[in-house]
Amino acid sequence: MKYLPLDEQDEELIEAAADAIKQNYVADRHHVGAAVRMRSGRVYVGVHLESRVHDICAEPVALGTAVTHGEREIDTIVAVTLAGEGGSRVLSPCGTCRELISVYGPEARVLFMEDGEVKKCSAKDLLPGPFVNSSES
Ligand SMILES: [Zn+2]
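As the structure is a computational prediction, the values presented were derived from the model and not from experiment.

Draft legend 1. Local environment of helix α2 (residues 58-68). Inspection of α2 places Ala58, Glu59, Ala62, Leu63 and Ala66 among the buried residues, and these make up the whole buried set. Looking down the long axis of α2, one finds its buried residues gathered within 125° of arc, a one-sided arrangement. Contacts from the buried residues of α2 go to β1 (32-38), β2 (43-47), β3 (74-83) and α3 (95-104).

Draft legend 2. Spatial organisation of the pattern of salt bridges. Under the definition given, this model contains eight salt bridges. The partner of Arg39 in a salt bridge is Glu73, with the nearest N and O atoms 3.9 Å apart. Taken together, the residues span a long stretch of sequence, with Arg39 in the loop between β1 and β2 and Glu73 in the loop between α2 and β3 at a distance of 34 residues. Glu73 gets classed as partly exposed once you look at its relative accessible area, which sits at 49%. One salt bridge connects Glu114 with Lys119, and the closest N-O pair in it is separated by 3.2 Å. Residue classification places Lys119 among the buried residues on the basis of a relative accessible area of 16%. A single network of salt bridges, built from pairs that share partners, joins Arg39, Glu73, Asp75 and Arg109.

Draft legend 3. Quick look at the nonpolar core. Counting residues in hydrophobic clusters, the biggest one holds 20 residues, and the most contacted among them are Val36, Met38, Ile74, Ile77, Ile101 and Val110. Among all residues touching Ile101, those that are not within four sequence positions of it are Ile74, Ile77, Pro93, Pro106, Ala108, Val110 and Ala123. In this structure, Leu13, Ala17, Ala18 and Val78 belong to the second largest nonpolar core, which totals nine residues.

Draft legend 4. Structural detail: the pairing of strand β4 (residues 87-91). Where β3 lies against β4, five bridges are found, and the strand directions are antiparallel. Bridged to Ala79 within β4 is Leu91. Connecting β3 to the antiparallel partner β4 that follows it, the hairpin turn spans three residues, and Gly84 within it adopts a positive phi of roughly 70°.

Draft legend 5. A look at the environment of Gly87. Mapped onto the secondary structure, Gly87 falls in strand β4. Measuring from C-alpha to C-alpha, the distance between Gly87 and Lys22 comes to 9.3 Å, with 65 residues separating the pair along the chain.

Draft legend 6. Representation of the coordination of the zinc ion in the model. Protein ligation of the zinc ion involves Cys57 (SG), Cys94 (SG) and Cys97 (SG), the donor distances falling in the range 2.2 to 2.3 Å. One chain supplies every donor for the zinc ion, spaced along it as C-x36-C-x2-C. The partly exposed category is assigned to Cys94, whose relative accessible area is 30%. The class for Cys97 is buried, based on a relative accessible area of 1%.

Basis of the calculations
- Residues numbered from 1 in each chain as written.
- Predicted model: local features only at pLDDT ≥ 70, side-chain atom pairs only at ≥ 80, totals over all residues.
- Heavy atoms only, no water.
- Buried < 20%, exposed > 50% of the residue type's maximum accessible area, 1.4 Å probe, protein only.
- Helix = DSSP H or I, 4+ residues; strand = E, 2+ residues; numbered from the N terminus.
- Arc of directions from axis to C-beta.
- Contact = heavy atoms within 4.5 Å.
- Salt bridge = Lys/Arg side-chain N within 4 Å of Asp/Glu carboxyl O.
- Core = buried A, V, L, I, M, F, W, Y, C linked by side-chain atoms within 4.5 Å.
- Pairing = 2+ DSSP bridges.
- Donors = N, O, S within 2.8 Å, 3.2 Å for Na, K, Ca; no water.

Next comes the structure, spelled out in structure tokens:
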């Protein structure tokens, strides 16, 4: 996997995701926040949703908000959960989100956690050999 260097904008994105969940945390309901920077430079946030049947991750909520505002191209995306006293921790996207991110932004950059460190790589590196609909190939 090719890792990319983190920059100040990545730190700002992590902070935006952390702020989203800090402001909207509800036990057993909302405990993950996500932030996505689109190619326009605008940042959209979302929190995950829980139900008795199926949970919806924070990344699709943030991405759906961006798309609803007319945005189409992801620059960078991150999900964060709360950890400790007022702290937060970056999460790695689940398999479903890796698929979603790679569809909406094959060139998108993803911040994720590996070996206790925040890393950055392109979406396609997080999902090698992605599913391709037989009608697309
Ligand atoms: Zn997910």
